[in-house]
Amino acid sequence: MVDPAEVSGQHKQVIGTLVDDLERLGYVARKPDPADRRAKLIYPTERGLLQMEAAASIMRTIEERHANALGAQEYATFKEALRRVVDLQREARPDSQAPGARPEQPNDRRAG
């Protein structure tokens, strides 16, 4: 099972509000988790699946446009470099640091 808050780097409250909104709009449904009666699983509805398909189609069109402009190899190199930057950023974020918070720098400490 994947925790959306952990994967996104957002607080559980932010994800809960987002899922509430998506459920209210008919894009997802919550169902009891058979393995943990305290937990709920989030499933896309038919409407949600249609939106996911539409979004994927839009992304394919955008990627094709950029690949055509840069050339397939240069675009693939760009995507790989971007993936590495994202991975490095995730590794640099300590688990205890809140998403969006600025890490304390040694020079930030002021003598009291």
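Parameters at a glance
Numbering of residues begins from 1 in every chain and follows the order in which that chain's sequence is written. The predicted origin of the model limits local features to residues at a pLDDT of at least 70 and limits the giving and counting of side-chain atom pairs to 80 or more, whereas totals for whole chains, interfaces and linings rest on all residues. As a convention, hydrogens and water are excluded, and side-chain values are obtained from all of the structure's heavy atoms. Between any two strands, pairing holds if DSSP finds at least two bridges. Secondary structure elements follow DSSP: runs of H or I no shorter than four residues count as helices, runs of E no shorter than two count as strands, and numbering proceeds from the N terminus. Under the convention used throughout, the expected extent of a helix is 1.5 Å for every residue step, that is, one less than its residue count. Helix axes use the C-alpha atoms of the stretch in contact, all axes being lines fitted to C-alpha atoms, and the angles between their N-to-C directions lie in the range 0 to 180 degrees. Angles are sorted into four bins: roughly parallel if under 35 degrees, roughly antiparallel if over 145, roughly perpendicular if 65 to 115, and oblique for all others. By the definition used in this description, the sense in which the near helix is turned from the far one sets the handedness, with an anticlockwise turn below a right angle giving left-handed and a clockwise turn giving right-handed. Note on definitions: a residue-residue contact is assigned when non-hydrogen atoms from the two residues lie within 4.5 Å. Charged residues are taken to be Asp, Glu, Lys and Arg, nonpolar residues to be Ala, Val, Leu, Ile, Met, Phe, Trp, Tyr, Cys and Pro, and polar residues to be all remaining types, Gly included. Here a salt bridge means any side-chain nitrogen of Lys or Arg lying within 4 Å of a carboxyl oxygen belonging to Asp or Glu. With a 1.4 Å probe rolled over the protein chains alone, any residue whose accessible area is under 20% of its type maximum counts as buried; one over 50% counts as exposed, and the rest are partly exposed.

Trainee: Help me understand the pairing of strand β2 (residues 36-44) in this model?
Mentor: A regular strand places its side chains on the two faces of the sheet in alternate fashion. Here strand β1 (residues 28-33) runs beside β2; their pairing, made up of six bridges, is antiparallel. Within β2, the residue paired with Lys31 across the bridge is Leu41. Here β1 folds back onto β2 in antiparallel fashion, the turn holding two residues.

Trainee: Would you explain helix α3 (residues 46-70) in this entry?
Mentor: Think of an α-helix as turning once every 3.6 residues; residues three or four places apart then point the same way. Taking 1.5 Å per residue as the helical rise, α3 with its 25 residues ought to reach 36 Å, and the 36 Å between its terminal C-alpha atoms agrees with that figure. Positive phi appears at Gly71, one or two residues downstream of α3, with a value of about 100°.

Trainee: Even after reading the chapter, I still don't get the packing of α3 against helix α4 (residues 72-92), so can you show me in this structure?
Mentor: When two helices pack together, their arrangement is captured by the angle between the axes and the distance separating the axes. Between α3 and α4, the least distance of the axes is 6 Å, while the angle of their chain directions is 120°. As far as their axial angle goes, α4 and α3 are oblique. Considering the relative orientation of α3 and α4, their crossing is right-handed. Residues Glu63, His66, Ala67 and Leu70 of α3 pack against Ala72, Glu74, Tyr75 and Lys79 of α4. Partitioned by chemical class, the residues of the contact of α3 with α4 number four nonpolar, one polar and three charged.

Trainee: Help me understand the pattern of salt bridges, please; the structure alone is not making it clear to me.
Mentor: Pairing is possible between side chains that carry opposite charge, provided their charged atoms lie close to one another. Enumeration according to the criterion identifies seven salt bridges in this entry. Its salt-bridge partner being Glu23, residue Arg30 comes within 2.7 Å of it at the nearest N-O pair. The class of Glu23 is partly exposed, set by a relative accessible area of 32%. Among the salt bridges present, the one from Glu63 reaches Lys79, with a minimum N-O distance of 3.3 Å. Separated by 16 residues along the polypeptide, Glu63 in helix α3 and Lys79 in helix α4 bring together distant segments of the chain. Residue classification places Glu63 among the partly exposed residues on the basis of a relative accessible area of 30%. What makes Lys79 partly exposed here is its relative accessible area of 24%. What emerges from the salt-bridge pattern is a single network uniting Asp20, Glu23 and Arg30.

So yeah, pure geometry; function would need other evidence.
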